[in-house]
Amino acid sequence: PAHLHELRNRVYDDVGVMRRPVVHRGTIEDDVLHEVVDPGQCTPINELPHNHPAAYYLLARGYDLNQLWENYRVKYCESVYNKYHAALNRIIFPVYQEGVYVGWQGRYIRDIDFKAARVPKYYTMPGFKKRLCLYGFDVAKGHPFVIVTEGVTDVISIGPPAVAILGKSLSGPQYVRLAMNWDKIIFMLDDD
């Protein structure tokens, strides 16, 4: 991708510099993940024509549509079930944990002033227990180290050794999942 060189420099220039992530303890609740479905009719991202707005958005940023489908099952939402109306016309990033489809995030496909437009950049599946998951976990699991980021686009920019905490803070269950699967953990969270 276009910013891959900059991203690699940020990762490797900071190796050895430990910025302690914020860890939040969860409340006692039903910490069970259930299999979910797409928010509606979704098309694999690599089946869209290159001039489609979603395909163009990703291609313009240097992403390979075939790799996005093969590694992360990225899709485009063309029609929605009523309860997921905000997912319409978004790029859908499915979240898998141990081979089970447990949630998704949808990315708005244009770059706009999100605050002024009052449009959320990301729309997360309602009820999704993202604090229990790491985006990209199943893909990263076979690597000897992991790079922890905040969001899904960070993961797809770095590639298979990366996972995302799907927010700005690391939850207890996410911390445990990281510690149980990797000895070498590199945190590459945003500066804010």
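Nothing here was measured: the structure is a model prediction, and the numbers come from that model. (Residues numbered from 1 in each chain as written. Predicted model: local features only at pLDDT ≥ 70, side-chain atom pairs only at ≥ 80, totals over all residues. Heavy atoms only, no water.)

## Overview of the sheet that holds strand 8 (residues 162–164)
- Overall, parallel pairing links the three strands, which are arranged 8-7-10 in an open sheet. Edge positions in the open sheet fall to strand 8 and strand 10 (184–187), since each of these has one partner strand only. Direction aside, the axes of adjacent strands within the sheet are offset by 30° on average.
- In this structure, strand 7 (residues 145–149) lies alongside strand 8, joined through three bridges in parallel fashion. Of the residues in strand 8, the one forming a bridge with Ile147 is Ala162.
- Along the sheet face, helix 7 (residues 172–181) touches strand 7, strand 8 and strand 10 and points at about 135° away from the line of strand 10. (Pairing = 2+ DSSP bridges. Helix = DSSP H or I, 4+ residues; strand = E, 2+ residues; numbered from the N terminus. Axes fitted to C-alpha atoms, helices over the stretch in contact; angles between N-to-C directions. Contact = heavy atoms within 4.5 Å.)

## Some remarks on the sheet that holds strand 4 (residues 90–97)
- In space, the five strands of this open sheet follow the order 2-3-4-5-6, with antiparallel pairing throughout. Of all strands in the sheet, those bounded by a partner on one side alone are strand 2 (40–44) and strand 6 (122–124). Going from strand to strand, the sheet's axes swing by 35° on average, the running direction of each strand aside.

## What about the packing of aromatic side chains?
- In the structure shown here, the tally under the stated rule is six aromatic pairs.
- Ring geometry for Trp104 against Tyr123: centres 5.7 Å apart, planes inclined by 55°, an arrangement best described as tilted. One end of the pair, Trp104, is in strand 5 (residues 100–108); the other, Tyr123, is in strand 6, with 19 residues separating them in the sequence. Just as Trp104 is buried, Tyr123 falls in that class too.
- For Arg177, the ring lying beneath its charged end belongs to Phe137, and the centroid distance is 5.0 Å. (Phe/Tyr/Trp six-rings, centres within 6.5 Å; stacked < 30°, edge-to-face > 60°. Buried < 20%, exposed > 50% of the residue type's maximum accessible area, 1.4 Å probe, protein only. Lys NZ or Arg CZ within 6 Å of the ring centre and 35° of its normal.)

## Digging into a nonpolar patch on the surface
- On the surface, Tyr175, Val176 and Met180 cluster together into a nonpolar patch covering about 350 Å² of accessible area.
- Tracing the backbone through its elements, the reader meets Tyr175 in helix 7. (Patch = residues over 30% accessible without salt bridge, like charges linked within 9 Å, V, L, I, M, F, W, Y side chains within 5 Å. Areas by Shrake-Rupley, 256 points an atom, 1.4 Å probe, with all protein chains shown as cover. Salt bridge = Lys/Arg side-chain N within 4 Å of Asp/Glu carboxyl O.)

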